Amino acid sequence: MTEAAELPQAPEEAQAVFGELFPEAVRYAELLADAGVQRGLIGPREVPRLWERHLLNCAVLSEVVPEGVTVCDVGSGAGLPGIPLALVRPDLKITLLEPLLRRTNFLQEVVELLGLDHVTVVRGRAEEVLGTLQPVHVVTARAVAPLDRLAGWGVPLLKPYGEMLALKGDTAEEEINGARAALSKLGVVETEVLQVGEGVVDPLSTVVRVVVGESPGGVRFAAKRAKAARTGRTRRRR
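Residues numbered from 1 in each chain as written. Predicted model: local features only at pLDDT ≥ 70, side-chain atom pairs only at ≥ 80, totals over all residues. Heavy atoms only, no water.

1. Quick word on helix H8 (residues 172-185)
Working step 1: Here H8 spans 20 Å end to end across 14 residues, near enough to the 20 Å set by a 1.5 Å rise per residue.
Working step 2: Within H8, the axis deviates most sharply at Ala179, by approximately 60 degrees.
Working step 3: Buried residues of H8: Ala172, Glu175, Ile176, Ala179 and Leu183, and no others. (Helix = DSSP H or I, 4+ residues; strand = E, 2+ residues; numbered from the N terminus. Expected span 1.5 Å × (residues − 1). Bend = angle between axes of the 7 residues up to and from the residue. Buried < 20%, exposed > 50% of the residue type's maximum accessible area, 1.4 Å probe, protein only.)

2. Notes on the environment of Ala14
Working step 1: Positionally, Ala14 belongs in helix H1 (residues 12-18).
Working step 2: A residue is classified by how much of its surface remains accessible, and Ala14, at 0% relative accessible area, is buried.
Working step 3: The residues contacting Ala14, other than those within four sequence positions of it, are Gly19, Phe22, Trp51 and Leu56. (Contact = heavy atoms within 4.5 Å.)

3. Overview of the packing of helix H2 (residues 22-38) against helix H5 (residues 101-114)
Working step 1: For the pair H2 and H5, the least separation of the axes is 11 Å and the interaxial angle reads 150 degrees. On the basis of the axis angle, H2 is roughly antiparallel to H5. Considering only the axes of H2 and H5, their crossing is right-handed. Contacts between H2 and H5 pair Glu24, Arg27, Tyr28, Leu31, Leu32, Ala35 and Gly36 from the former with Phe106, Val110, Leu113 and Leu114 from the latter. (Axes fitted to C-alpha atoms, helices over the stretch in contact; angles between N-to-C directions. Parallel < 35°, antiparallel > 145°, perpendicular 65-115°, else oblique. Left-handed = near helix turned anticlockwise from the far one by under 90°.)

4. Side note on the side chain of His54
Working step 1: Of note, His54 is situated in helix H3 (residues 50-59).
Working step 2: Here the side chain of His54 touches Arg142 through a polar contact of 3.2 Å, side chain to side chain. (Polar contact = N/O pair within 3.5 Å; in protein donor to acceptor, adjacent residues only side chain to side chain.)

5. Examining the side chain of Asp73
Working step 1: Residue placement: Asp73 occurs in strand S1 (residues 70-74).
Working step 2: Buried within the structure, Asp73 lacks any salt-bridge partner; its nearest side chain of opposite charge belongs to Arg142, at an N-O separation of 9.0 Å.
Working step 3: A distance of 2.7 Å separates polar atoms of two side chains, one belonging to Asp73 and the other to Ser76.
Working step 4: Apart from the residues within four sequence positions on either side, Asp73 is in contact with Gly79, Leu80, Pro81, Gly82, Thr95, Leu96, Leu97, Thr140 and Ala141. (Lys, Arg positive; Asp, Glu negative; His and termini not counted. Salt bridge = Lys/Arg side-chain N within 4 Å of Asp/Glu carboxyl O.)

6. Overview of the pattern of salt bridges
Working step 1: What the rule picks out here adds up to ten salt bridges.
Working step 2: Residues Glu46 and Arg53 are paired through a salt bridge, measuring 3.2 Å at the closest nitrogen-oxygen approach.
Working step 3: Residues Arg209 and Glu192 are paired through a salt bridge, measuring 2.7 Å at the closest nitrogen-oxygen approach. Residue Arg209 is found in strand S7 (residues 205-212), and its partner Glu192 is found in strand S6 (residues 188-196); the two are separated by 17 residues along the sequence.
Working step 4: Here the salt bridges share partners, and the residues they tie into one network are Glu163, Glu190, Glu192 and Arg209.

7. Description of the sheet that holds strand S2 (residues 93-98)
Working step 1: Ordered by their spatial adjacency, seven strands build an open sheet running S3-S2-S1-S4-S5-S7-S6, and the pairing between neighbours is mixed. Two strands close off the open sheet at either side, each with one partner strand: strand S3 (119-123) and S6. Mean inter-strand twist for the sheet, computed between neighbouring axes without regard to direction, equals 20 degrees.
Working step 2: In this sheet, S2 lies alongside S1 in parallel orientation, the contact comprising five bridges. Following the sheet pairing, Val74 is matched in S2 by Leu97.
Working step 3: Along the sheet face, H3 touches strand S4 (136-142), strand S5 (158-168) and S7 and points at about 160 degrees away from the line of S4. (Pairing = 2+ DSSP bridges.)

8. A short note on the packing of aromatic side chains
Working step 1: What the rule picks out here adds up to two aromatic pairs.
Working step 2: With 6.4 Å between their ring centres and 70 degrees between their planes, Phe18 and Trp51 make a pair best called edge-to-face. Of this pair, Phe18 sits in helix H1 while Trp51 sits in helix H3, and the two are 33 residues apart along the sequence. For the pair Phe18 and Trp51, one class covers both residues: buried.
Working step 3: Three or more aromatic residues joined by ring pairs form one cluster here, namely Phe18, Phe22 and Trp51. (Phe/Tyr/Trp six-rings, centres within 6.5 Å; stacked < 30°, edge-to-face > 60°.)

Below, the structure written as structure tokens:
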């Protein structure tokens, strides 16, 4: 069994960012450092930098998420960025989408322990829930896959004119340039790289923002959604 490293004290920035839910953020950090490591959801070497590299890095994504929207965190894993986002934005309705059972079990435990009533955990892959999961305004993701593949999973889950916000690294611009053809086929009409977290994280968090037009996922995914919706209606009648 892996022995977890010691979790450092939360930095002052964390209290300002999480506000009234700072105690819940501390509890989440403790869960990540303990059960998260024991279950293989996060590496023990990440524990000393959990606050700066993970919780705060994800929480500042809230700067570019519109008010009162629905969000799907694709490939949520240990809940990053979905849970830090939920802690700073109670106005959002967030779905944590994750295919692995041990991860969804952990996520459900965290959601219940922290009392996050505006968060729902769904087990499944993005391509499997297409047509059954209600389309959302915003898709979020962090360290899931290269942008072209990630967009293929996340963009079809969006409402028309929705956006995908992906936390990326220094190669964000390169990923966008390499994915332009794929993004165009998926109905993407706008892309940009944003820097968030001024005064909170250093370096700043890099976010790739992908905006879709009236047909998220393009023609192929429109047909898939329609087929899934018909199948769902047939099942409900039985």
